[in-house]
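Per-entry structural report
What follows is the residue order along each chain.
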Amino acid sequence: MFKVGDITVDPPLLLAPMEDVTNLAFRLIAKKIGQPGMVFTEFVSAMAIHYGAEKTKAKMRVSDEERPIGIQIFGGDPDVMAETARVAEAMGPDLIDINMGCWVPKVCRTGSGAALLKDPEMAEKIVSAVVKAVKIPVTVKVRAGWDYSLFAAPDLAKRFEGAGAKMLTLHARFAKQGFDGEADWKLIEALRKAVTIPLVGNGDVKAPGDARRMMEQTGCDGVMVGRAAISNPWALARIRAGLLGQPIPAEPTLAERIDVALEHLRMMIQFEEETSDDGAQAEVRACRALRGQIPMYIKSVYGAGALRASLTACSRYEDYEQILRKFADTSIAAELERGA
């Protein structure tokens, strides 16, 4: 375990902030099954909050059941970021995280996310402004640099530590890589030597032994898991067990995967009903919001690929349930037949 200010992160396993993935419903499921030591919201646009976007503000809803929880914000203007941090703090998180790692063009074109890796002075101003705006800890998630020409993270990290950041997370790829190639964990090791505040490593932690291996090789204080956990909270549970030296849980059955997928959808519908003025459309919005996530729950199962088009067309809970239950019955029957 380690501490971020007065916050204890135990175990030192964190669920990464991921757009269209780490909604409140999924975070609660991940907390129940995977039991990470900390979770984060989806990315929250500071400019959207500045202009009063209620849909964006709904992303900042948190629950006591998921603590400790961080709200991640992104933006390129120190004043707007400070304003958004205050709004986020009022939602009741344990900390505010600043996104300086998102490489997608629509974010970087606004001078936000990984674009700040090219402007250390502005990046430092943003961290300083956010730290001064709130009373809770402020943390930063970065990439190694914009491209291979410069390992920018050590200089940035020192600036951020000086500005009052309480933790850093390094995704050990350069922004220009996206998710291509392998994460270079030696970059995490190098950054560990540059700062004294807690450092979390991120990148290519997929299997039960990966988290412990990253910590041993790099000296980082904790490990963040992202893509491996998408619609797969059991991966978190297995990685957690490997990190703690515990027996590795068995892979979930198809029935368990489908039960959790439908639980996720029910929770999403409930939260949409609670945060929307148009309750009649809550179910449709929730179903559409999870079109990318629900098929992922069964992606490793034989025959699941053929089901994707049907699932992504669903706009009602009963449609999802009917398709998934029928798939389970068919798959089990086929398995029994193959076994015979």
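Above this note sits the structure.
So, a few notes on the structure that sits alongside this text. (Residues numbered from 1 in each chain as written. Predicted model: local features only at pLDDT ≥ 70, side-chain atom pairs only at ≥ 80, totals over all residues. Heavy atoms only, no water.)

As a further point, take the overall build of the chain. If you tally the helices and strands in the chain, you get 14 helices and 10 strands. A compact globule built from 340 residues should have a C-alpha radius of gyration of about 20 Å, and the chain, at 20 Å, falls within 12% of that. Taking all 340 residues of the chain together, 56% fall into the buried category. Taking as baseline every contact in the chain between residues at least 6 positions apart, the subset at least 24 positions apart corresponds to 69%. For the chain, the exposed area adds up to about 15,000 Å²; of that, 51% sits on carbon and sulfur atoms. Side chains of the chain carry 43 positive and 45 negative charges; the gap between the two charge centres is 3 Å. (Helix = DSSP H or I, 4+ residues; strand = E, 2+ residues; numbered from the N terminus. Rg over C-alpha atoms; globule rule 2.2 N^0.38 Å. Buried < 20%, exposed > 50% of the residue type's maximum accessible area, 1.4 Å probe, protein only. Contact = heavy atoms within 4.5 Å. Areas by Shrake-Rupley, 256 points an atom, 1.4 Å probe, with all protein chains shown as cover. Lys, Arg positive; Asp, Glu negative; His and termini not counted. Charge placed at Lys NZ, Arg CZ, Asp CG, Glu CD.)

With that settled, the discussion passes to the nonpolar core. Within the largest apolar cluster, 116 residues are counted, with the highest numbers of intra-cluster contacts made by Met-100, Phe-160 and Ile-298. With 10 residues, helix H11 (residues 254-275) is the largest single contributor of residues to this core. Among all residues touching Ile-298, those that are not within four sequence positions of it are Leu-254, Ile-258, Ala-304, Leu-307, Leu-311, Leu-324 and Phe-327. (Core = buried A, V, L, I, M, F, W, Y, C linked by side-chain atoms within 4.5 Å.)

What follows concerns the pairing of strand S5 (residues 69-74). Buried residues dominate S5, accounting for six of its six residues. The side-chain alternation of S5 yields two buried faces, one formed by Ile-69, Ile-71 and Ile-73 and the other by Gly-70, Gln-72 and Phe-74. Judged from the five bridges that link them, strand S4 (residues 39-45) and S5 form a sheet pairing that is parallel. Among the inter-strand pairings, Val-44 is bridged to a residue of S5, identified as Ile-73. A crossover connection joins S5 to the parallel strand S6 (residues 95-100) through helix H4 (residues 78-90); in handedness this β-α-β unit is right-handed. (Pairing = 2+ DSSP bridges. Right-handed = clockwise from strand over helix to strand, strands pointing away.)

Turning to the sheet that holds S4, a few remarks are in order. The strands making up a sheet associate through backbone hydrogen bonding, with each pair oriented either parallel or antiparallel. Taken together, the eight strands give an open sheet; going across it, the order is S3-S10-S9-S8-S7-S6-S5-S4, and neighbouring strands pair in parallel fashion. At either margin of the open sheet sits one strand with a lone partner, and together these are strand S3 (13-15) and S4. Averaged over all neighbouring strand pairs, the angle between strand axes comes to 25°, with direction disregarded. For S3 and strand S10 (residues 222-225), the ladder comprises three bridges, and the chain directions are parallel. Residue Leu-15 lies in a different strand from S10, and its bridge partner there is Val-225. Most of the contacts of helix H1 (residues 24-33) go to S4, to which it runs at about 165°, and overall it touches S3, S4 and S5. Most of the contacts of H4 go to S5, to which it runs at about 155°, and overall it touches S5 and S6. (Axes fitted to C-alpha atoms, helices over the stretch in contact; angles between N-to-C directions.)

The geometry of two aromatic rings is summed up by the distance between their centres and the angle between their planes. Under the criterion given, the structure shown has three aromatic pairs. A ring pair is formed by Trp-103 and Phe-179, whose centres lie 5.9 Å apart and whose planes are at 85°; its orientation type is edge-to-face. One end of the pair, Trp-103, is in the loop between S6 and helix H5 (105-108); the other, Phe-179, is in the loop between strand S8 (167-171) and helix H8 (185-192), with 76 residues separating them in the sequence. Aromatic side chains Trp-234 and Tyr-297 sit 6.3 Å apart centroid to centroid with 80° between the ring planes, which places their arrangement in the edge-to-face category. With a gap of 63 residues between them, Trp-234 in helix H10 (residues 233-244) and Tyr-297 in the loop between helix H12 (282-289) and helix H13 (308-312) connect regions that are remote in the sequence. (Phe/Tyr/Trp six-rings, centres within 6.5 Å; stacked < 30°, edge-to-face > 60°.)

Attention now goes to the pattern of salt bridges. Under the definition given, this model contains 18 salt bridges. The partner of Asp-155 in a salt bridge is Arg-159, with the nearest N and O atoms 3.2 Å apart. A residue pair is termed a helical-turn pair when its members lie 3 or 4 positions apart in one helix, as Asp-155 and Arg-159 do in helix H7 (residues 153-163) at four residues. Classification of Asp-155 by relative accessible area gives partly exposed; the value is 39%. With a closest N to O distance of 2.9 Å, Asp-259 and Arg-325 form a salt bridge. In this pair, Asp-259 sits in helix H11 while Arg-325 sits in helix H14 (residues 317-339), placing the two residues 66 residues apart along the sequence. Classification of Asp-259 as partly exposed rests on a relative accessible area of 37%. (Salt bridge = Lys/Arg side-chain N within 4 Å of Asp/Glu carboxyl O.)

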